[in-house]
Amino acid sequence: MESRSNFRTPVSQQAHVIEKPKDTSTIGGMVAIEINEKKVSVPFGTTILEACKMNGISVPTLCHHEDLCVAGVCRICVVEVEGMKTLQASCAFPITNPIKIKTSSPMVRKARRHVIDLLLSEHYGECYSCFRNGKCELQNLAKEYGVDNYTFGHVTKPRYEIDNSSYSVIRDMSKCILCKRCVRTCIDLQEVGVLEAVNRGHETKISTFLDKPLLDVICINCGQCINRCPTAALRANDPSDEIWAAIDDPTKHVVIQTAPSPRAAICEEFGMEPGHSLTKELNTALRRIGFDKVFDTNTTADLTIIEEGTELILRLYKAIVKKESVALPQFTSCSPGWVKFLEHYYPEYIDNLSSAKSPQQMFGALIKTFYAKKAGIDPENIVSVAVMPCSAKKFECNRPEMNSSGYKDVDYGLTTRELARMIKEAGINLPEMPKSDFDSPFGEASGAGLIFGATGGVMEAAIRTVYEFITGNKIEDAFEKAEVKPVRGFEGIRYVELPLGEKFGPVPDILKHFIPNWDWLKGVTLKVAVAHGTANAKKIMDDIKAGGKFSECHFIEFMACPGGCLGGGGQPIPTTPEIRKKRAEAIYAEDESLEIRKAHENPNVVKLYEEFLTDGPCGHISHKLLHTHYTKRGRYIA
Amino acid sequence: MKNKREGKVIFSPYERGDAVKKVVAISREDVLFELRESILKGRGGAGFPTATKWTLVSAAISDEKFVVCNADEGEPGTFKDRILLLEYPELIFDGMVVAGYTIGAKKGIVYLRGEYEYMLKSLEDYLGEMRKDNLLGENICGKIGFNFDITIRLGSGAYVCGEETALIESLEGNRGEARNRPPYPVNTGYLGKPTTVNNVETFAAVSHIITKGGSWFAKFGTDKSTGAKLFSVSGDCEKPGVYELPWGTTINELLEIVGAKNTKAVQVGGASGICIPKSQFNRKLGYEDAATGGSIIIFNESRNMLHILKNFMEFFVEESCGQCTPCRIGNVKLLEGIEMIENNNYTFSYLNHLKELGKTMQVASKCGLGQSSPNAFLSILENFKDEIFNNGGNNGK
Amino acid sequence: MLVLEKNNITEEIEQLVRKHGKSRSSLLPILQDVQRKHKYIPDFAQQEIARLLDIHPVEVYSVISFYAFLNTKPKGRNIVRLCKTITCDLAGKDNVAKMIERELGIKFGETTKDNRITLEYVNCLGMCDQGPALLVNERVYSKVTPEKAIKILNEIK
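Residues numbered from 1 in each chain as written. Chains lettered and ligands numbered in written order. Predicted model: local features only at pLDDT ≥ 70, side-chain atom pairs only at ≥ 80, totals over all residues. Heavy atoms only, no water.

A.B. asks: Residues and numbers for the overall build of chain A, please.
C.D. replies: Per the secondary structure count, chain A includes 20 helices and 17 strands. Here the C-alpha atoms of chain A give a radius of gyration of 26 Å, agreeing with the 26 Å that 2.2 N^0.38 yields for 638 residues. With respect to the three principal axes, the spread of C-alpha positions in chain A is 80 × 65 × 50 Å. For chain A, with 638 residues in total, the buried portion stands at 64%. Considering only intrachain contacts with a sequence separation of at least 6, the fraction spanning at least 24 residues in chain A is 76%. With an accessible surface of roughly 23700 Å², chain A has 51% of that area assigned to carbon and sulfur atoms. Where the 78 positive side-chain charges of chain A centre and where its 81 negative ones centre are 4 Å apart. (Helix = DSSP H or I, 4+ residues; strand = E, 2+ residues; numbered from the N terminus. Rg over C-alpha atoms; globule rule 2.2 N^0.38 Å. Buried < 20%, exposed > 50% of the residue type's maximum accessible area, 1.4 Å probe, protein only. Contact = heavy atoms within 4.5 Å. Areas by Shrake-Rupley, 256 points an atom, 1.4 Å probe, with all protein chains shown as cover. Lys, Arg positive; Asp, Glu negative; His and termini not counted. Charge placed at Lys NZ, Arg CZ, Asp CG, Glu CD.)

Next up, the structure:
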């Protein structure tokens, strides 16, 4: 479970956490209650909602979300508690004494209908013309409770203008039901703090600082708010119409790269349980839709590992041997949400970011140079699409720095949700597709690139390669089945020490021109850390600022989204800790099934250095195409 | 100046420090005993027994506890706290010191509504005098280890902050949005510490109870509503103002005292209270019958009840904090319903929907504001239906 | 905003944070002090308060927008608030309002051209026994008649 402690949200929105007894067999550990006249017992401190769930009783919720602290504001989950005059919000009520609960009394049912009716009366738009049609929590409840005649009227005009200033997130506040999930996501879960409720009473709305457009405030585009919005008030900026147009244009050569996380989650959009990778089915579907080539982002994830790993080794070499002042620890830079977070809040640490581009952008640069040349296609006519679990990738591909091919390196970032819709629109049932492989020259990739999708994955992939580079031993000798378990899991922050020992191997060929040998690493213990969710990133950054233990680290992986990319802002809705766990299992299972599981063993990557990036990792060509620089943005909003 | 107001309980003779000097000589248990004897109930309107509240806070284990005085008097028609703050600050502050002693708090906070900022200076000066007299500060009145001080914090114009958890949120620097309960402030209050939040008048009553005894206090009023209550009387009468009357006084008696003539209706408990028609003027003021935090607004025969109701609902639409659905949208729907009646553009079936909605708001809203805002709507439409509906649609503005 | 002005605001906020303490519970007192001095809370001040209290600017804005007596846009030098709640309403606040609007040539919610007065309605001022009531800055006037209102307005600088 991701840690929920240290939320500094107003107490009005905090869960009343009563520590549940470790041993429920002690006296008072269990509380005997009655739900709908059925006697059950639950651990002390369980909320009524949890108690109902444990006993198979469904209670509707809207403002409640498993990842977030309690709000208790929508009032849809109210139940009757005997002896209390008013109804109680079951999500917010901890059971500490033997109470009798009724979850479906006439008063409760009437109240729930009223709440739904009131929300519908102000919820602008018609369901059939809404992108969340069929996936809207409000719509589902209205159906479930038979609220179908707008008792209290229905707005016919939008109350607010749509804010579509952002590359990533579109806000349509006329559809907002003020559940404040986005607020709690943005402030608690992400510590970004773009959204809050403003005004009061009927004038209350969710707003940015001084109602500015999202583009102008410190939004990191992570899209976590979208994943938790129960209605269509928040959505990603969808480029699918432009992509269809490119597909339909015979002069365009449309290529698509798919990242591992969408492949592990897109099944959910087709009614399957979470936890099944449909990588090869997706390849077939994409070709049937009309994409000319289907590539695997993992190829450039492997490339990222080589580049970023080399960069790390070089930084260490400069620091230890040449005594130069180098920015350490080195931070990963493949999560564009995290990069923007740092640019705003910790601009003084911009040099710590690895200059290696994210896999998406490396791929973009290679497609319009290496691939274009190889395939004999004018890069002008290539439309490069990236399927990502991420809404921030939409922003990333639009950064002015990202045109090292001489063109816009990646034309469109497409989310898992949007791709699923395109596939459905094309009349394809994804799970039934025959399997097929990726196209060359970026066909095969290693399991290292694949596990980028889960928090800790980049670190694990880097360790697999850097460890073998330095020690000359097989990673399997140090970690069974090459599974670097200490960096895995969903703990918000992980810290691992890796002693390098005394015995080193020869310096691999691609690094030979930088360093003569490994002797300078004698006795060094590699210290690494992993954080996911920018709230956790903030904790590490504050510790580094204060000179704490993380400032001694060599390499830190940061992912903006809880769970890493598999929990990204472009992934299927809903998201819960349970769903994210399943997605991670799917990714690790796929990794285990692969033959090649280390970036430096990816034959395509090896070939790339032989044929194209001829001066090696962190060389001139690589620097031009595969590395970038960042912008000190600062925290002030103009 | 002092004690010019008439009253046997709250306005009875009292000198600054009386209660403090007495309390330091007795134990916490003795204080709680007197409070139990007095059967004092919260004077803000909710009527929670003060002894119970203080016992709970006093029993809570914590390194820090707080005494909070709710001086966010915002209920329409209520101004008794203004009189107490201006004319009887000793009763309030002494009561807070007693509370600090009883629950083991070192810090008291007065949450003074922003509209009363003009009182701030005189109140702070008064606290300064108390410090000089060692009624505040360290080792108060020679009681070694009894340290307590009071600060005043201003509100900024939000009625809902009179709700105790919203008040605490406001003190913590947040929007005045009520918290989920449980946990109650007695365990998890200001800064998460055990906190007692009491009305200005409750503290004043405590000062008298400590000085004169719980059983003395319980002699006044009725069995269930002991002591006397301050009533803020306004509207159509000759002598509006603050009156101390024993609980159990009937509305008729009160109207007589304040010189009200041709009275059609009395709003008991302010905008969030209920509207009582002439036929029920023999009802008694008290927790067991017509409960009120003290607001009495009198309407004579010339008044338009729909207009009054509209004024109340406009008030709630503006003052709802807006976090929970029933209150945020429900109040607007009720107000729209009133406008429909005004414009003679309603159906009874829709009004029935609204009445049902009002009942839902009473049970499903998150805090007392939304739970009580439909009271006026329900009681005025019920009690004055002849006036409102049988006039051929003459409800125009 | 000029650099000098910004520096002044930063200094002012730093001082207020020292006075009230560096914690979220100091937010309202700090905002009230800024409001008292500037008659509104400038954008930059909001961001500085956020920075120094380690919260987000939108949280400061959110709190300001909740409270009727705090605002983010400049208002007149004096704020005149007329109580519109029931007893003042019954006591004739409409006549007072009409007279004030006519005299100043502005509606409630507006500010005079010379920036002297902003007119607002306010909910119950706790002067129900002496309505209609008028709050001029923090001073309260009771039993206000249209004539008396004009006199009060004329005395405002």
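A.B. asks: An account of the interface of chain B and chain A is needed here, citing residue identities and associated values.
C.D. replies: Listed by partner, the interface residues are 42 residues for chain B and 40 residues for chain A. Both sides together, the interface formed by chain B and chain A hides about 3200 Å², and carbon and sulfur atoms give 56% of it. Of all residues in chain B, R175, R328 and V363 of chain B give up the largest surface area on contact with chain A, accounting jointly for 18% of the area buried on that side. In this structure, the connection of chain B to chain A is made through three salt bridges. Residue R200 of chain A is joined to E319 of chain B by a salt bridge in which the shortest nitrogen-to-oxygen separation is 3.0 Å. Taken together, the links from chain B to chain A amount to 19 residue pairs in polar contact (both at pLDDT 80 or more). (Buried area = accessible area lost by both parts, 1.4 Å probe. Salt bridge = Lys/Arg side-chain N within 4 Å of Asp/Glu carboxyl O. Polar contact = N/O pair within 3.5 Å; in protein donor to acceptor, adjacent residues only side chain to side chain.)

A.B. asks: Explain the packing of aromatic side chains to me, and be specific about the residues and the numbers.
C.D. replies: Per the stated rule, a full pass over the model turns up 37 aromatic pairs over all chains. Judged by centre distance (5.8 Å) and plane angle (90°), the rings of F231 of chain B and W247 of chain B are edge-to-face. Taken together, the residues span a long stretch of sequence, with F231 of chain B in strand β5 (residues 228–235) and W247 of chain B in the loop between β6 (241–246) and α10 (251–258) at a distance of 16 residues. The same class applies to F231 of chain B as to W247 of chain B, namely buried. Across the ring face of Y412 of chain A, the terminal group of K408 of chain A is positioned such that the distance to the ring centre comes to 6.0 Å. Over the ring of F270 of chain A we find K424 of chain A; its NZ or CZ atom is 5.3 Å from the centre of that ring. (Phe/Tyr/Trp six-rings, centres within 6.5 Å; stacked < 30°, edge-to-face > 60°. Lys NZ or Arg CZ within 6 Å of the ring centre and 35° of its normal.)

A.B. asks: A description of the sheet that holds strand β2 (residues 38–43) of chain A should follow, citing residues and the corresponding values.
C.D. replies: All names here are of chain A. Strands sit in the order β2-β1-β5-β3-β4 across an open sheet of five strands; the sheet is mixed. Of all the strands in the sheet, just β2 and β4 (88–89) have a single pairing partner and so form its edges. Inspection of the sheet shows strand β3 (residues 78–81) paired to strand β5 (residues 100–102) by two bridges, in the antiparallel sense. Each bridged residue has a counterpart across the sheet, and for V81 the counterpart in β5 is I101. Running over the sheet, helix α2 (residues 106–122) touches β3 and β5 and is turned about 160° from β3. (Pairing = 2+ DSSP bridges. Axes fitted to C-alpha atoms, helices over the stretch in contact; angles between N-to-C directions.)

A.B. asks: Lay out the environment of T415 of chain A in plain terms, naming residues and giving numbers.
C.D. replies: All names here are of chain A. Note on placement: T415 falls in strand β14 (residues 412–415). Judged by its relative accessible area of 0%, T415 falls in the buried class. Leave out the neighbours within four places in its chain, and T415 touches A236, M388, C390, K394 and G570.

A.B. asks: So what's going on with helix α7 (residues 164–171) of chain B? Residues and values would help.
C.D. replies: Residues and elements named next belong to chain B. Burial runs high along α7: eight of the eight residues are buried. Those residues of α7 that sit buried are E164, T165, A166, L167, I168, E169, S170 and L171. Just beyond α7, the residue with positive phi is G173, at close to 90°.

A.B. asks: Account for the nonpolar core, naming residues and giving values.
C.D. replies: F299 and F377 of chain B together with L31, I49 and Y67 of chain C are the most contacted members of the largest nonpolar core, which totals 99 residues. For this core, the element with the most residues is helix α11 (residues 305–319) of chain B, which contributes nine residues. Setting aside chain neighbours within four positions, we find L31 of chain C in contact with I41, I49, V60, V63, I64 and L70 of chain C. Core analysis: the next-biggest nonpolar cluster, separate from the first, contains 66 residues, V24, L32, Y116 and F217 of chain B among them. (Core = buried A, V, L, I, M, F, W, Y, C linked by side-chain atoms within 4.5 Å.)

A.B. asks: How would you sum up the domain arrangement of chain A? Please name residues and give values.
C.D. replies: One widely used convention gives an interface's size as the accessible area the parts lose upon coming together. All names here are of chain A. By the assigned domains, chain A splits into domain 1 (11–104), domain 2 (116–236), domain 3 (252–299 + 360–432) and domain 4 (315–354 + 446–626). The C-alpha-based centres of domain 1 and domain 2 are spaced at 27 Å. At the interface, 15 residues of domain 1 touch 18 residues of domain 2. When the two sides are added together, the surface that domain 1 and domain 2 hide from each other amounts to roughly 1300 Å², 62% of it contributed by carbon and sulfur. Counting across the domain 1 and domain 2 interface gives one salt bridge. The salt bridge involving R228 is made with D67; its shortest N-O contact spans 2.7 Å. For the pair domain 1 and domain 2, the interface holds five residue pairs in polar contact (both at pLDDT 80 or more). Residues belonging to the side of domain 1 that touches domain 2 are distributed by class as follows: nine nonpolar, five polar and one charged. (Domains from an automatic or database assignment. Nonpolar A, V, L, I, M, F, W, Y, C, P; charged D, E, K, R; others polar.)

A.B. asks: How would you sum up the pairing of strand β7 (residues 263–268) of chain B? Please name residues and give values.
C.D. replies: Residue and element names in this part refer to chain B. Most of β7 is tucked away, with six of its six residues classed as buried. The pairing of β7 with strand β9 (residues 295–300) spans five bridges and is antiparallel. Residue A265 lies in a different strand from β9, and its bridge partner there is F299. Of the pairings in the sheet, the one linking β7 to strand β8 (residues 274–277) comprises four bridges and is antiparallel in character. When the bridges of β8 are listed, V266 appears paired with I276. Taking the residues that link successive antiparallel strands as the turn, the β7-β8 hairpin has five residues, and the phi of G269 there is positive, at about 95°.

A.B. asks: Describe in detail unusual backbone geometry, supporting the description with residues and values.
C.D. replies: In this chain, S440 of chain A is followed by P441 of chain A through a cis amide linkage whose omega measures 15°. Of note, the bond from P182 of chain B into P183 of chain B is cis; its omega dihedral lies within 30 degrees of zero at 5°. Inspection of the secondary structure assignment puts P183 of chain B in the loop between α7 and β4 (195–199). A positive phi is found at N221 of chain A, a non-glycine position, where the angle reads about 65°. You can see N221 of chain A is positioned in the loop between β8 (205–207) and α5 (224–228).

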